[in-house]
Amino acid sequence: MEKRECMQWSIHGILVLGLSLLLLGCDQKETPEPMVLAPVVPSAPNAEPLVNYWLARAHQCYDRAIMGVQELDAQVEEFLNEPSDVLLGALKERWTSAHLRFSACHLYHSQGFNQEGHKRLAAQLEQVNAWPIQGGFIDYLPGYEHTGIVNDVTVAITLESLSQQHQISDLADVALGFHAVEFLIWGEQGRPASDFKAQAPQTTEQGIELNTNNRRRVYLQLATRQLVERISQLQNRWQPAAENAPMSAQQQLQQLPSGAQTAYLFSASHRLIDYFLVGRVLNPIQSGNLDDGNESPYSQNNKDALLATFDELGQWLQGSTEVEQQQNLLTYVGNLNDEAAQHWLADYQLALAALDRLPAEFPQQNPAVDEAVISLSNLTAKISETLTAKKLPLLSY
């Protein structure tokens, strides 16, 4: 009996040591702060089917997101070739489609593998989808015709200078990402296509373009192409790394022990709900801070973007085909605790029903917001309880 117990503890110790070493080496180039991990339960169910399902969904989601921004980039070129109100309308539709496709992928960039890796991931996201923004930091406002980067002829319109300007003195000083492009297309009170009509070049001795239309045209091109590049980087996290390159997120996840894989996937789901859906969107609206919860004030596609994020969470939880239903998150939770899985599903369905009832002109205070917050908060509590019951950590960075 003593020998058997000794073997069990030896295996358990190896798992804990392996998990600690893997997590310390993940998603980083420099050594991060050490993590304190809860013991890994040796009897945790095999998470490989769940990991494979996560990867399949991440690949599919980012493929659609990349296609969306590539189509947006092509539409920008068509519009700038011959600006017109018709093509401006088509450009708005392409932006909306691209943003919704990206919004669906929030789950797959919600969680890093350690503190330093998560900081780098968050910095990447600030280059893609930072909000809220100050539109006047980018271009003119009614009554302030000479404000913004577009009108500041001391600033060259290059990707390097735009990157330097991005959040230079305040998080709302957004110069890059979806919502900078959104403001360039929509403007504060409706932008005319004539704002993008090419003008005869006029430059300073330093080669900086002076004509605002030309500056706006180049700005739109650069910001859109930067989106393609940055989202491709997020996509590459869930692909095998090139030879001699650091391990990708996909490889890191695949090499973790089953218990650590479970902790990561549960924590990513928890963070999407708690930090993004509730913390960034619904709580500000619930408390009356509508500007803070208003991601897309110019295109006004907030409800659709929120539902795109939540629908992908539903696919991860439940799947949509018989095969997916055999390897989705709720099936895995059911193998841990069938009653817990039923509670997870009930809270998800209540939240979905509440979000569906949000008015089209969302964001605004509404009883459905309160109901969604309650159901989503209950769901995150269930996720935490399930991890605690299996002595697995909720990653908190």
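About the cut-offs
- Residues numbered from 1 in each chain as written.
- Predicted model: local features only at pLDDT ≥ 70, side-chain atom pairs only at ≥ 80, totals over all residues.
- Heavy atoms only, no water.
- 1 Å grid on protein atoms, 1.4 Å probe; cavity = no way out; pocket = protein on both sides within 12 Å on 5 of 7 lines; lining within 4 Å.
- Points joined across faces, edges and corners; volume = space filled by probe spheres on them.
- Helix = DSSP H or I, 4+ residues; strand = E, 2+ residues; numbered from the N terminus.
- pLDDT = per-residue confidence, 0-100.
- Contact = heavy atoms within 4.5 Å.
- Axes fitted to C-alpha atoms, helices over the stretch in contact; angles between N-to-C directions.
- Parallel < 35°, antiparallel > 145°, perpendicular 65-115°, else oblique.
- Left-handed = near helix turned anticlockwise from the far one by under 90°.
- Nonpolar A, V, L, I, M, F, W, Y, C, P; charged D, E, K, R; others polar.
- Disulfide = S-S within 2.5 Å.

**Q** Explain empty space enclosed by the protein residue by residue, including any values.
**A** Once rolled over the atoms, a probe with the size of a water molecule shows which space is left empty. This structure, assessed with the given rule, holds 3 cavities of 30 Å³ or more. Of the volumes computed, that of the largest cavity is approximately 80 Å³. Forming the boundary of the largest cavity are Ser103, His106, Trp131, Phe276, Val281, Gly293, Glu295, Asn302, Ala305, Leu306, Thr309 and Phe362. Elements represented by at least two residues in the lining of the largest cavity include exactly α9 (258–286) and α10 (302–318).

**Q** Quick rundown of the confidence of the model for the protein? Include the residues and the values.
**A** The predicted model of the protein averages 89 in pLDDT, with 89% of residues at 70 or higher. In the model, residues 1–42 has pLDDT below 50 throughout and makes 59 contacts with residues more than four positions away in sequence or in other chains.

**Q** Give a detailed account of the packing of helix α6 (residues 178–186) against helix α7 (residues 212–236), specifying residues and quantitative values.
**A** Between α6 and α7, the shortest axis-to-axis distance is 9 Å and the interhelical angle comes to 150°. Comparing the axis directions of α6 and α7 gives the class roughly antiparallel. In the packing of α6 onto α7, the handedness of the crossing is left-handed. On α7, the residues that touch Phe178, Val181, Leu184 and Ile185 of α6 are Arg216, Tyr219, Leu220, Ala223, Thr224, Leu227 and Ile231.

**Q** Please set out the packing of helix α2 (residues 48–81) against α10 residue by residue, giving values where relevant.
**A** Across the interface, α2 lies against α10 with an axial gap of 10 Å and an inter-helix angle of 155°. When the interaxial angle is binned, α2 and α10 end up roughly antiparallel. Crossing of α2 against α10: the hand is right-handed. Contacts between α2 and α10 involve Leu50, Tyr53, Trp54, Arg57 and Arg64 on the former and, on the latter, Glu312, Gln315 and Trp316. Split into classes, the residues belonging to the contact of α2 with α10 amount to 4 nonpolar, 1 polar and 3 charged.

**Q** Now, about the state of the cysteines: what can you tell me, with residues and values included?
**A** This model, assessed by the stated rule, comprises 1 disulfide. Between the sulfur atoms of Cys61 and its disulfide mate Cys105 the distance is 2.3 Å. Here Cys61 and Cys105 share a disulfide; its torsion about the S-S bond, -115°, makes the bridge left-handed. With a gap of 44 residues between them, Cys61 in helix α2 and Cys105 in the loop between α3 (85–103) and α4 (115–129) connect regions that are remote in the sequence.

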